Amino acid sequence: WPPDRTGNRGQLRTPPVSLPAGGLRMPDGRQLATVELQGKWLLLLNGRGQCAADCVQRIDEMRRIQVSLNKDMGRLRRVVLSDRITDPEFAAALQRQPDLVLAEAPPRWLPGSDDDDAGYRLHIVDPKGKLIMDYAADIPAKGVRGDLERIYVPNLRSHEVWVIDPATLKVVDRFKVGVAPQHI
């Protein structure tokens, strides 16, 4: 332990981090409380600056990831956070995807985000509003989709890794791994 290769493409947050309660603003000027986003898994794209071609591609990939969940696609909500929500590319994305949530976030609103990091990065937030996984900007959509099948969470108290079914939020398996399990 740890294994040479893991199934997850993203980096698990241990422990998961709660999102701030407020601070988001919708394109129409309305405030968006984080509690309004709870109840579903969030596929969250966060970044700063212009929404260039790679950002537009990521937004389209987010939709394809959601649709690929088939009967479970209603469990997931797509959210884009940016400091430039008036960017024409975002307006076009909202025209193509009216169920997309777009909001302006203050600098460093997303816990642990590096606003100096160029590009838009994907994150997964659980239905209780806890940030549980971060992705590098270059992770392919197929890898993100695969991570939505099962979530692996190290449990420091029991010295186990728990396998969680995102559909039910229930532990479906446990693996004893010894002291101080790490991300997998």
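This is a predicted model, so every value here is computed, not measured.

Asker: In this structure, what is going on with the nonpolar core? I would like to understand it.
Answerer: The nonpolar side chains of a soluble globular protein tend to be buried, and buried together. In terms of nonpolar packing, the biggest core is built from 28 residues, with Leu-43, Ile-59, Phe-90 and Ile-124 touching the most fellow members. Listed by contribution, the elements that provide at least two residues to this core are β4 (41–47), α1 (53–68), β5 (76–82), α2 (88–96), β7 (120–125), β8 (130–134) and α3 (141–147). Per-element accounting of this core gives the leading share, five residues, to α1. The contacts of Leu-43, once residues within four sequence positions are left out, are Met-62, Ile-65, Leu-76, Arg-77, Arg-78, Val-79, Leu-122, His-123, Ile-124 and Val-144.

Asker: I keep staring at the layout of surface pockets and nothing clicks. Help me out?
Answerer: Take a probe with the size of a water molecule and roll it over the atoms, and the empty space left behind shows itself. As a volume, the largest pocket reaches approximately 500 Å³. As for the largest pocket, its lining consists of 21 residues, and the residues nearest its centre are Pro-16, Asp-126, Ile-132, Val-153 and Ile-164. Looking at side-chain class alone, the lining of the largest pocket contains 14 nonpolar, two polar and five charged residues.

Asker: Could you clarify how one ought to interpret α1 in this entry?
Answerer: Residues lying three or four places apart along an α-helix face the same way, a consequence of the helix completing one turn every 3.6 residues. Between its first and last C-alpha, α1 extends 22 Å over 16 residues, near the 22 Å set by a 1.5 Å rise per residue. Among all positions of α1, only Cys-55, Val-56, Arg-58, Ile-59, Glu-61, Met-62, Ile-65 and Gln-66 are buried. Elements that come into contact with the buried residues of α1 comprise β4, β5, α2, β7 and α3. Positioned one or two residues after α1, Asn-70 has a phi angle of 55°, which is positive.

Asker: I'm lost on the state of the cysteines in this one. Help?
Answerer: The term disulfide refers to a covalent linkage connecting the sulfur atoms of a pair of cysteines. Applying the stated criterion across every chain, the model contains one disulfide. The disulfide that involves Cys-51 links it to Cys-55, with 2.1 Å between the sulfurs. Disulfide Cys-51-Cys-55: the torsion about the S-S bond is -90°, which places it as left-handed. Cys-55 shares its class with Cys-51; the two are buried.

Cut-off values and rules
Residues numbered from 1 in each chain as written. Predicted model: local features only at pLDDT ≥ 70, side-chain atom pairs only at ≥ 80, totals over all residues. Heavy atoms only, no water. Core = buried A, V, L, I, M, F, W, Y, C linked by side-chain atoms within 4.5 Å. Buried < 20%, exposed > 50% of the residue type's maximum accessible area, 1.4 Å probe, protein only. Helix = DSSP H or I, 4+ residues; strand = E, 2+ residues; numbered from the N terminus. Contact = heavy atoms within 4.5 Å. 1 Å grid on protein atoms, 1.4 Å probe; cavity = no way out; pocket = protein on both sides within 12 Å on 5 of 7 lines; lining within 4 Å. Points joined across faces, edges and corners; volume = space filled by probe spheres on them. Nonpolar A, V, L, I, M, F, W, Y, C, P; charged D, E, K, R; others polar. Expected span 1.5 Å × (residues − 1). Disulfide = S-S within 2.5 Å.

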